[in-house]
Amino acid sequence: MKRGAAFLITLLIISFSQVLGQNPNMEKLNAYKIAFFTKRMNLTSQEAEKFWPVYNELQDKKFRIHQEKVLLNRNFNQNGAVMTDKELTEAGDKYIALEVQEASLSQEFHSKFKAVLPPAKIIRLYQAENQYKLQLLSELQDRKQQGRGNLMQR
């Protein structure tokens, strides 16, 4: 069973590598994420086979929403001082609409996860997402501190 899971993880990493193309850092990060989630959720190879396409679809849609938010923020940062009240109101309304769209996605994909995972593993998914973010932030902080230490030692 462990061989099956290892094979599936390898297969997923290879397919992610093809999708991500030439960015080795993104490949490493996604491989780490797959391993992290698979371990935390204790996915069987059959569950992983059904779960990852659904999860990847959700992440893709969330990423598109995030990109729109970034564009809204960038536009405000560059043009906010000269924007009319109407334009500012529209930008705020658009931002909230994106927030609502993201919440709707969460609700929609919760139902999709229920079709491919048992309830306990869905809760583990939500926990794993939070743990993953905290882990990345912790590692980033560690790297920043190590970088400062290296600069101080020179």
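This text follows the structure it describes.
Residues numbered from 1 in each chain as written. Predicted model: local features only at pLDDT ≥ 70, side-chain atom pairs only at ≥ 80, totals over all residues. Heavy atoms only, no water.

Asker: How should I be thinking about the pattern of salt bridges in this particular structure?
Answerer: Tallied over the full model, the rule gives eight salt bridges. For Glu57, the salt bridge goes to Lys112, with nearest N and O atoms at 3.6 Å. With a gap of 55 residues between them, Glu57 in helix H3 (residues 45-79) and Lys112 in helix H4 (residues 85-116) connect regions that are remote in the sequence. Its relative accessible area of 32% is what places Glu57 among the partly exposed residues. Lys112 gets classed as partly exposed once you look at its relative accessible area, which sits at 29%. Among the salt bridges present, the one from Glu99 reaches Lys69, with a minimum N-O distance of 2.6 Å. One end of the pair, Glu99, is in helix H4; the other, Lys69, is in helix H3, and 30 residues separate them in sequence. Residue classification places Glu99 among the partly exposed residues on the basis of a relative accessible area of 32%. Taken together, the shared-partner salt bridges connect Glu57, Lys61, Glu108 and Lys112 into one network. (Salt bridge = Lys/Arg side-chain N within 4 Å of Asp/Glu carboxyl O. Helix = DSSP H or I, 4+ residues; strand = E, 2+ residues; numbered from the N terminus. Buried < 20%, exposed > 50% of the residue type's maximum accessible area, 1.4 Å probe, protein only.)

Asker: What is the right way to read the nonpolar core from this model?
Answerer: When a protein is soluble and globular, its nonpolar side chains tend to lie buried together. Among the nonpolar cores identified, the biggest contains 23 residues, and Phe37, Met41, Phe51, Trp52 and Phe113 are the most heavily contacted of them. Among the elements of the structure, helix H2 (24-41), H3, H4 and helix H5 (119-153) are those that each provide at least two residues to this core. The element that contributes the greatest number of residues to this core is H3, accounting for eight residues. Residues within four places of Phe51 in sequence aside, it is in contact with Met41, Leu43, Phe113, Val116, Leu117 and Leu125. (Core = buried A, V, L, I, M, F, W, Y, C linked by side-chain atoms within 4.5 Å. Contact = heavy atoms within 4.5 Å.)

Asker: Looking at this structure, how should I read the side chain of Lys69?
Answerer: Judged by its relative accessible area of 11%, Lys69 falls in the buried class. Separated by 2.9 Å, the side chains of Lys69 and Glu102 make a polar contact. If near-sequence neighbours (up to four positions away) are discounted, Lys69 is found in contact with Tyr95, Leu98, Glu99 and Glu102. (Polar contact = N/O pair within 3.5 Å; in protein donor to acceptor, adjacent residues only side chain to side chain.)

Asker: Teacher, can you tell me more about a nonpolar patch on the surface here?
Answerer: Judged by side-chain polarity, Met26, Leu29 and Tyr32 come together as a nonpolar surface patch covering roughly 220 Å² of accessible area. On the basis of relative accessible area, Met26 is assigned to the partly exposed category, the value being 35%. (Patch = residues over 30% accessible without salt bridge, like charges linked within 9 Å, V, L, I, M, F, W, Y side chains within 5 Å. Areas by Shrake-Rupley, 256 points an atom, 1.4 Å probe, with all protein chains shown as cover.)

Asker: Got a minute to help me understand H2 in this structure?
Answerer: One turn of the α-helix equals 3.6 residues, which is why residues spaced by three or four share an orientation. The end-to-end C-alpha distance of H2, which contains 18 residues, comes to 25 Å, matching closely the 26 Å that a straight helix rising 1.5 Å per residue would cover. Asn30, Ala31, Lys33, Ile34, Phe36, Phe37, Thr38 and Met41 are the residues of H2 that are buried. (Expected span 1.5 Å × (residues − 1).)

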